[in-house]
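Chain residues, written in single-letter form:
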Amino acid sequence: MCPSSVHSPAGADREHRVSILKGFLQRFLPPVEGRHRNAANECRYVCTTLSRVMLQWLDLRVSPGEVTEALLTTSHTFFTRDGYCRPDGSPMAAPQQRDLFGEIIMDSLPQQSAEERIHTGLSGSTVRLLRLTTIPLPDGTSDEKTQQIEELRHRLSLWLDRVLAAEH
């Protein structure tokens, strides 16, 4: 893993951060068919995971609204138990709820029960692996899981090199 001081786009604006997120999503988390609900593809988990990955690998802080915008523009779907919806939980025909800065409000998501959780159309197992790249591996992690994580770290490193090369 590269040290964060080497690749710190500290002055990155919102459009630039969303652009980086879109490239990341296309490379590592393409949309999947179907509506599989689990904890790893729930909106809040996806947003915190991508925020952690971007911060650790690029020293780039991204907001939940930026993650949601990137997901929307890369053809990812949002859904609940009852069907497809917008990121704020409203039916597809309703407008998105935004804050004063125009960001989609994620903190107002209805999260009281499993039936009300909003999920994204991406692979939960890949999201879990991405999250594991941001922490030290626990003792007793299987060799197979360790190999998967190390392979993903290598792919992240290659992707990071391409992002940095494109910026210079």
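See above for the structure.
Visitor: I'd love a proper account of the overall build of the protein, names of residues and values included.
Guide: Summing up its helical and strand segments, the protein has five helices and three strands in all. With 168 residues in all, the protein has 40% of them scored as buried. Only carbon and sulfur atoms are counted for the fraction: they give 51% of the accessible area of the protein, which is about 9,100 Å².

Visitor: Talk me through the packing of helix α1 (residues 14-28) against helix α2 (residues 43-58); I want residue IDs and the actual numbers.
Guide: Running from N to C, α1 and α2 point in directions that differ by 105 degrees, and their axes come no closer than 12 Å. Between α1 and α2, the interaxial angle falls into the category roughly perpendicular. Residue-level contacts link I20, L21, F24 and L25 of α1 to L50, V53, M54 and L58 of α2. Here the contact of α1 with α2 is composed, by residue class, of eight nonpolar, no polar and no charged.

Conventions and cut-offs
Residues numbered from 1 in each chain as written. Predicted model: local features only at pLDDT ≥ 70, side-chain atom pairs only at ≥ 80, totals over all residues. Heavy atoms only, no water. Helix = DSSP H or I, 4+ residues; strand = E, 2+ residues; numbered from the N terminus. Buried < 20%, exposed > 50% of the residue type's maximum accessible area, 1.4 Å probe, protein only. Areas by Shrake-Rupley, 256 points an atom, 1.4 Å probe, with all protein chains shown as cover. Axes fitted to C-alpha atoms, helices over the stretch in contact; angles between N-to-C directions. Parallel < 35°, antiparallel > 145°, perpendicular 65-115°, else oblique. Contact = heavy atoms within 4.5 Å. Nonpolar A, V, L, I, M, F, W, Y, C, P; charged D, E, K, R; others polar.

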